[in-house]
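Residue strings, one per chain:
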Amino acid sequence: MRLVLFGPPMAGKGTQASMLAEKLGLLHIAMGDLLREAVAANTSLGRKAKKYMDEGALVPDAIVIGLVEGKMKTSNSEAGFILDGFPRTVEQAEQLEQFTDIDLVLSIDLPFDRLVERSTGRRVCRKCGAVYHIDFKPPRKPEVCDRCGGSLYRRDDDKESVVRERLRAYEAQTQPVINYYDLRRKLKFVDGDKSIEEVGMRLLEAIFDKWPELEVKVAKAEAARKAAGEQKPPKKEAIPGIKTRRQQGRGRRGSPRDRKKKAGGQPQKKPRHRPKKKK
């Protein structure tokens, strides 16, 4: 199963790609992560990509294609993969087909106004990078990360004017690629103006339409995971302010003195040793 997932900024594309990869046992290839990994590893392609990334320019197709092809060769992609954020141009789509075939392309569709609303409400942790939303996924404490306690902030590219410009650029760049796959009858649109769970179910339904036999396998796997989770006994929670017997140094059966008390007797004192009188 070789999938491509399209979606504009803030459509939840990355989240959905991760969920699909886990459910279906696919290799998740996210273009953004791939670039960052190559730069961090200081590979030859990573060094070349970094020059363009530092300048804020688009990374050339030759470098991007090389990273994707290398990832497929060095990772377990035989069982299938899902491409996230790639291809971005018709040229990339054509080069991709030179070393692999794409079976199905899924495109998450949302109105621009809804995407702007999602973007402007996003908040990111300065420490760990966790992502929240003031309406859809608010932190427990305002402006404080649930995970690490770091402060939350709104990125500059989440301002409304910047978001609208990004959306226009995405549409201009991606629409020709969508048309490319639509002409080859590989494209399916999915309504993204729903909850994360609902969008995930619709994406799965689109996949099951092409591979009906997968529906039973996925259902069985989900039931097995659920059963395994229910079989685990719940952990006993300690009562605040009360020490357990082990913490008191008494063990499960208690100390010897405690055991004698429980049996109804009084703990006996050790007899003093008296030396024998000499005759």
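Please explain unusual backbone geometry as it appears in this structure.
Trans peptide bonds make up the majority, and among non-glycine residues the majority have a negative phi. Residue P87 follows F86 across a cis peptide bond; omega there is 0 degrees. Mapping P87 onto the fold places it in the loop between β3 (81-84) and α5 (90-96). The residue E143 is not glycine, and still its phi comes out positive at about 65 degrees. Residue position: E143 is located in the loop between β6 (131-133) and β7 (152-153). Positive phi, normally seen in glycine, also occurs at R185, with a value near 60 degrees. Within the element layout of this structure, R185 appears in the loop between α7 (160-183) and β8 (187-191).

Could you clarify how one ought to interpret the side chain of R123 in this entry?
By the element assignment, R123 lies in strand β5 (residues 122-125). E143 provides the closest opposite charge to the buried, salt-bridge-free R123, at an N-O distance of 4.2 Å. Reaching out from R123, the side chain makes a polar contact with the backbone oxygen of T120 at a distance of 3.2 Å. Among residues more than four places away in sequence, those in contact with R123 are A130, V131, Y132, I134, E143, L152, Y153 and R154.

I keep staring at the nonpolar core and nothing clicks. Help me out?
Inside soluble globular proteins, nonpolar side chains tend to come together where they are buried. Ranked by internal contacts, the top residues of the largest apolar core, which has 29 residues, are L83 and Y181. At the level of elements, β1 (2-6), β2 (27-30), α2 (31-41), α4 (61-74), β3, α5 and α7 are the ones that each hand at least two residues to this core. No other element matches α4, which puts six residues into this core. If sequence neighbours within four positions are ignored, Y181 has contacts with F6, P87, A93, L96, E97, I102, V105, K186 and L187.

Definitions and limits used
Residues numbered from 1 in each chain as written. Predicted model: local features only at pLDDT ≥ 70, side-chain atom pairs only at ≥ 80, totals over all residues. Heavy atoms only, no water. Helix = DSSP H or I, 4+ residues; strand = E, 2+ residues; numbered from the N terminus. Buried < 20%, exposed > 50% of the residue type's maximum accessible area, 1.4 Å probe, protein only. Lys, Arg positive; Asp, Glu negative; His and termini not counted. Salt bridge = Lys/Arg side-chain N within 4 Å of Asp/Glu carboxyl O. Polar contact = N/O pair within 3.5 Å; in protein donor to acceptor, adjacent residues only side chain to side chain. Contact = heavy atoms within 4.5 Å. Core = buried A, V, L, I, M, F, W, Y, C linked by side-chain atoms within 4.5 Å.

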